[in-house]
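Per-entry structural report
Take a look at the letters that make up each chain.
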Amino acid sequence: MRNLSDIEIIESVKRGNQADFALIIDRYKDKGFSLLKRMLRNDFDAEEVLQDSFLKAYKSLSFFRQDSKFSTWFYRIVYNSALTFLSSKRRRNEKDLSSLEDHLELSDAGVQVYAESENVAQFVNKMIEKLPEKYSTILNMFYIDDMSLDEISKITGLSLVNVKVILHRSRNALRDMVLKHNYNEELL
Amino acid sequence: MRHISDEILNKYIDNELEGEGLSELNEHLKICSSCLARLKALRIVDQQFRMMETFHVSGDFTQNLMKKIEKISFHYAPKKSYFFRFVVALFLVLTAAILIAAILAVKASVPAVPSEPAWYKTAFDAASSKFSDILSSYKDLFSSRSLSIVGSGLAFIILVSIYIVYESFKEAKGRLR
């Protein structure tokens with residue numbers, strides 16, 4: 001069987017083939033879960049919000065305009081659901097997540113993570129979890145979901161410049177850590 | 001010596017640097033070990049980010065979610081094409097009318113044979129004579145000049161309305177796509 005496109009699956013669901021929505025779920029569940037886990041920092045919450053996002057997407061399929069990609073439309077639902085969840089839990093409010101920290105301070109966390117890591121891959125993966133939610137979310141969208149900066153900007157509501165600034169700051173902060181702990185010499 | 005800025009190094013990583021900027025960077029990297037180390041470290045980070053861990057949901061996630069979707073009352077029903085049905089119905093009515101008119105015309109052209117009529121023939125004759133009466137009364141009604149003009153106007157309005165309905169249907173279909 002050929003690989004159906006997102007649009008073909010959605011058209012089929014709209015024609016009444018409800019079971020075909022499982023194809024969309026299988027296609028996006030892990031990527032959506034990774035994004036949510038990096039935003040919410042909790043497996044249980046991430047799965048709950050992901051489920052809620054898929055239900056919202058199913059109910060709103062008739063509003064999906066095909067002038068944008070389905071993935072962009074779906075990730076916007078996921079991102080907004082996570083923001084609503086965060087503000088309802090009073091952990092963070094929307095304003096906090098959409099503002100930019102001027103300084104990304106990671107040196108204390110870096111020392112601890114360095115002590116726990118066996119190699120640079122482990123170190124970087126653990127350090128991603130130490131980044132502010134907004135930073136790790138944008139890294140996730142850019143590197144795992146292969147989104148362009150423009151798409152990330154549309155989903156998060158941040159300006160294109162701010163998205164780029166966050167991406168560069170994340171890289172630079174981790175680069176400083178790599179240099180500090182001489183990981184570059186180990187690999188070169 | 002002036003070092004390369006973080007922004008330029010990031011642009012290099014993203015392949016956004018070209019032409020003069022790229023050659024300047026390459027020349028500088030030949031003589032500056034500090035910038036070279038920064039670039040190498042940045043490349044390591046970029047490579048590690050590309051191999052960033054993807055997390056997985058529980059195995060029965062899709063199954064559980066589909067059960068919830070099946071339970072909710074909201075279903076996408078197959079789209080019914082009312083326009084198509086309307087056209088088919090109109091076609092059938094017109095065909096029936098033409099058929100009746102043809103039967104009447106054939107009947108009028110065949111000379112009557114004096115014989116004992118069957119019950120259905122009598123019934124058909126009665127129905128066709130009634131239909132002829134109605135037809136002639138309509139013919140009388142539209143025979144006057146003013147009514148002919150009104151009739152033409154009405155026909156024009158109906159045609160325009162059908163065209164507008166058809167166009168709006170086409171537009172709505174396009175928007176859905």
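Notes on the structure follow. This is a predicted model, so every value here is computed, not measured.

Let's talk about the overall build of chain A
Helix and strand content of chain A: eleven helices and zero strands. Moving toward the C terminus, one meets the helices and strands of chain A in the order α-α-α-α-α-α-α-α-α-α-α. Counting the 188 residues in chain A, one finds 52% classified as buried. Roughly 8,800 Å² of accessible area belongs to chain A as shown, and the carbon and sulfur atoms make up 48% of that amount.

Section: the nonpolar core
Ranked by internal contacts, the top residues of the largest apolar core, which has 72 residues, are A:Phe21, A:Phe54, A:Phe70 and B:Phe49. For this core, the element with the most residues is helix H4 (residues 70-88) of chain A, which contributes eleven residues. Two domains share this core, each providing at least three of its residues, namely domain 1 (6-96) and domain 2 (100-187) of chain A. Judged by nonpolar contacts, the second largest core, of ten residues, contains B:Ile4, B:Ile13, B:Leu17 and B:Leu29.

Let's talk about the environment of B:Thr54
With respect to the secondary-structure elements, B:Thr54 resides in the loop between helix H3 (33-50) and helix H4 (61-71). The exposure class assigned to B:Thr54 is partly exposed, which follows from its relative accessible area of 31%.

With respect to helix H7 (residues 120-130) of chain A
Buried within H7(A) are the following residues: A:Val120, A:Phe123, A:Val124, A:Asn125, A:Met127 and A:Ile128. Residue A:Asn119 occupies the N-cap position of H7(A), its side-chain oxygen lying 3.2 Å from the main-chain nitrogen of A:Ala121.

Some points on a nonpolar patch on the surface
Residues B:Phe86, B:Val87, B:Leu90, B:Leu94 and B:Ile98 make up a contiguous nonpolar surface patch of about 480 Å² in total accessible area. Following the sequence through the fold, B:Val87 ends up in helix H5 (residues 82-109).

A look at the packing of aromatic side chains
Residues and elements named next belong to chain A. Overall, the coordinates contain 15 aromatic pairs over all chains when judged by the stated rule. Relative to Tyr58, the ring of Phe21 lies with its centre 5.2 Å away and its plane at 70°, an arrangement referred to as edge-to-face. Within this pair, whereas Phe21 is found in helix H2 (residues 21-40), its partner Tyr58 is found in helix H3 (residues 43-59), the two being separated by 37 residues in sequence. Both residues of the pair, Phe21 and Tyr58, belong to the buried class. Plain terms: the ring middles of Phe64 and Phe70 are 5.7 Å apart, the flat faces sit at 90° to each other, and that makes the pair edge-to-face.

Let's talk about H3(A)
Along its 17 residues, H3(A) runs 25 Å from first to last C-alpha, staying within 8% of the 24 Å computed at 1.5 Å per residue. Considered for burial, the residues of H3(A) that qualify are A:Asp45, A:Ala46, A:Val49, A:Leu50, A:Gln51, A:Ser53, A:Phe54, A:Leu55, A:Ala57 and A:Tyr58. Buried-residue contacts for H3(A) involve helix H1 (6-14), H2 and H4 of chain A together with H4 of chain B. The opening residue of H3(A) is A:Asn42, an N-cap whose side-chain oxygen sits 2.8 Å from the backbone nitrogen of A:Phe44.

Overview of the interface of chain B and chain A
Of the residues lining the interface, 40 residues belong to chain B; the matching set on chain A comes to 52 residues. Taken together, the two surfaces of chain B and chain A that pack against each other cover about 4,400 Å², and 65% of this comes from carbon and sulfur. On the surface where chain B and chain A come into contact, there are four salt bridges. With a closest N to O distance of 3.4 Å, A:Lys164 and B:Glu16 form a salt bridge. For the interface between chain B and chain A, the tally reads 16 residue pairs in polar contact (both at pLDDT 80 or more).

With respect to the pattern of salt bridges
Across all of its chains, the model carries 17 salt bridges over all chains by this definition. Across the pair B:Lys30 and B:Glu27 runs a salt bridge, and its minimum N-O distance is 3.2 Å. With B:Lys30 and B:Glu27 both in helix H2 (residues 19-31), this residue pair falls three residues apart, about one helical turn. We classify B:Glu27 as partly exposed; its relative accessible area is 48%. Because the salt bridges share partners, they merge into one network encompassing A:Arg171, B:Asp14, B:Asp46 and B:Arg50.

Quick word on the packing of helix H8 (residues 133-144) of chain A against helix H10 (residues 160-180) of chain A
Residues and elements named next belong to chain A. Between H8 and H10, whose axes approach to 9 Å, the crossing angle comes to 95°. With respect to their mutual orientation, H8 and H10 come out roughly perpendicular. Contact residues: Lys134, Tyr135, Ile138, Leu139, Phe142 and Tyr143 in H8; Val163, Ile166, Leu167, Arg169, Ser170 and Arg171 in H10. Here the residues of the contact of H8 with H10 are counted per class, giving eight nonpolar, one polar and three charged.

Definitions and limits used
- Residues numbered from 1 in each chain as written.
- Chains lettered and ligands numbered in written order.
- Predicted model: local features only at pLDDT ≥ 70, side-chain atom pairs only at ≥ 80, totals over all residues.
- Heavy atoms only, no water.
- Helix = DSSP H or I, 4+ residues; strand = E, 2+ residues; numbered from the N terminus.
- Buried < 20%, exposed > 50% of the residue type's maximum accessible area, 1.4 Å probe, protein only.
- Areas by Shrake-Rupley, 256 points an atom, 1.4 Å probe, with all protein chains shown as cover.
- Core = buried A, V, L, I, M, F, W, Y, C linked by side-chain atoms within 4.5 Å.
- Domains from an automatic or database assignment.
- Polar contact = N/O pair within 3.5 Å; in protein donor to acceptor, adjacent residues only side chain to side chain.
- Patch = residues over 30% accessible without salt bridge, like charges linked within 9 Å, V, L, I, M, F, W, Y side chains within 5 Å.
- Salt bridge = Lys/Arg side-chain N within 4 Å of Asp/Glu carboxyl O.
- Phe/Tyr/Trp six-rings, centres within 6.5 Å; stacked < 30°, edge-to-face > 60°.
- Expected span 1.5 Å × (residues − 1).
- Contact = heavy atoms within 4.5 Å.
- Buried area = accessible area lost by both parts, 1.4 Å probe.
- Axes fitted to C-alpha atoms, helices over the stretch in contact; angles between N-to-C directions.
- Parallel < 35°, antiparallel > 145°, perpendicular 65-115°, else oblique.
- Nonpolar A, V, L, I, M, F, W, Y, C, P; charged D, E, K, R; others polar.

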